[in-house]
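Descriptive analysis of the structure
Chain by chain, the residues:
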Amino acid sequence: MPKAYWIVRVSVRQPERYPDYLAAAQPAFEKFGAKFIVRGGPFELMEGYARDRNVIVEFADSDTAMACYRSAEYQKAKTIRQQYADADFIVVEGA
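What this report covers is the structure whose coordinates are included nearby. (Residues numbered from 1 in each chain as written. Predicted model: local features only at pLDDT ≥ 70, side-chain atom pairs only at ≥ 80, totals over all residues. Heavy atoms only, no water.)

1. Re the packing of helix H2 (residues 62-70) against helix H3 (residues 72-84)
Packed helix pairs are specified by the crossing angle of their axes together with the interaxial distance, meaning the distance between the axes. Applicable threshold: To get an axis, a line is fitted to the C-alpha atoms, and for a helix only the part in contact is used. The angle between two axes follows their N-to-C directions and goes from 0 to 180 degrees. Numbered from the N terminus, helices here are DSSP runs of H or I no shorter than four residues, and strands are runs of E no shorter than two. Each angle receives one of four descriptions, namely roughly parallel if under 35 degrees, roughly antiparallel if over 145, roughly perpendicular if within 65 to 115, and oblique otherwise. Residue contacts are counted whenever heavy atoms from the two residues lie within 4.5 Å of one another. Each residue gets one label: Ala, Val, Leu, Ile, Met, Phe, Trp, Tyr, Cys and Pro are nonpolar, Asp, Glu, Lys and Arg are charged, and the others, such as Gly, are polar.
For the pair H2 and H3, the least separation of the axes is 5 Å and the interaxial angle reads 55 degrees. One finds that H2 runs oblique with respect to H3. Here Cys68, Tyr69 and Arg70 of H2 lie close against H3, whose contacting residues are Ala72, Tyr74, Gln75 and Lys78. Class assignment of the residues belonging to the contact of H2 with H3 gives a composition of 4 nonpolar, 1 polar and 2 charged.

Here it is as structure tokens:
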């Protein structure tokens, strides 16, 4: 099975509180073997529009990526993230 990825573009509204989300999400990332490929590094917009942060997280496969997102651990973290940031969030299967 091909690997799968979360591709998340984030605009943080309250940077001082965003670490609360990261801490809350950590148990889900550990449980599902999340591997961060890109985590908010510098970028150059070539087309379209951008958000402040870009994140790519690798999972063993699509089922694992979806299970992580749907897990109780991540849903708790998501609620926190939504208080402090806006995001575009997709799960995509690798080649």
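2. Re the packing of aromatic side chains
Two measures describe an aromatic ring pair: the distance that separates the ring centres and the angle between the ring planes. Test applied: Two aromatic rings from Phe, Tyr or Trp, using only the six-membered ring of Trp, form a pair when their centres are within 6.5 Å; if the ring planes differ by under 30 degrees the pair is stacked, by over 60 it is edge-to-face, and anything between is tilted. When accessible area is computed with a 1.4 Å probe and restricted to protein chains, residues below 20% of their type maximum are described as buried, those above 50% as exposed, and intermediate ones as partly exposed.
Considering all chains together, one arrives at 12 aromatic pairs under this definition. Between tyrosine 18 and tyrosine 21, the aromatic rings sit 5.4 Å apart at their centres with planes inclined by 45 degrees, giving tilted as the arrangement. Of this pair, tyrosine 18 and tyrosine 21 both sit in helix H1 (residues 18-31), 3 residues apart, roughly one helical turn. For the pair shown, tyrosine 18 and tyrosine 21 are each scored as buried. Measuring from ring centre to ring centre gives 5.6 Å for tyrosine 69 and tyrosine 74, while their planes differ by 40 degrees; the resulting arrangement is tilted.

3. Observations concerning the nonpolar core
This is how the line gets drawn: Here, nonpolar core means buried Ala, Val, Leu, Ile, Met, Phe, Trp, Tyr and Cys residues that are tied together by side-chain atoms lying within 4.5 Å of each other.
Residues Trp6, Tyr21, Phe29, Phe59, Cys68 and Tyr74 are the most contacted members of the largest nonpolar core, which totals 21 residues. Contact partners of tryptophan 6, with chain neighbours within four places excluded, come to Phe29, Val55, Ile56, Val57, Phe59, Ala65, Cys68, Tyr69, Tyr74, Phe89, Ile90 and Val91.

4. Quick word on H3
Applied cut-off: Helices are assigned an expected span. That span is 1.5 Å times one less than the residue count. By arc we mean the arc of the directions from the helix axis to the C-beta atoms, nothing more.
If you check H3, its first and last C-alpha atoms are 19 Å apart, about what 13 residues at 1.5 Å a residue would give, namely 18 Å. Residues of H3 that are buried: Tyr74, Ala77, Lys78, Ile80, Arg81 and Tyr84. Mapping the buried residues of H3 onto a view down its axis gives an arc of 165 degrees, with all of them on the same face. Residues of H3 that are exposed and point more than 90 degrees away from the buried face comprise Ala72 and Lys76. Contacts from the buried residues of H3 go to strand E1 (4-12), H1, H2 and strand E4 (85-93).

5. What to know about the side chain of arginine 81
With respect to the secondary-structure elements, arginine 81 resides in helix H3. Setting aside residues up to four positions removed in sequence, arginine 81 forms contacts with Tyr18, Tyr21, Tyr74, Ala87 and Phe89.

6. A word on the sheet that holds E1
Our working rule: For two strands to be treated as a pair, DSSP must find no fewer than two bridges joining them.
Reading across from one edge, E2-E3-E1-E4 is the order of the 4 strands in this open sheet, with antiparallel pairing throughout. Where the open sheet ends on each side, the last strands, each with one partner, are strand E2 (35-39) and E4. The mean inter-strand angle of the sheet, taken between neighbouring strand axes irrespective of direction, is 20 degrees. Two elements, E1 and strand E3 (residues 53-59), share 7 bridges in a ladder whose sense is antiparallel. When the sheet's bridge partners are listed, tyrosine 5 is paired in E3 with glutamate 58. Contacts from H1 reach E1, E2, E3 and E4, with the element oriented near 165 degrees to E1. Across the sheet, H3 lies against E1 and E4, angled at about 140 degrees from E4, the strand it touches most.

Coordinates in, geometry out; function isn't part of it.
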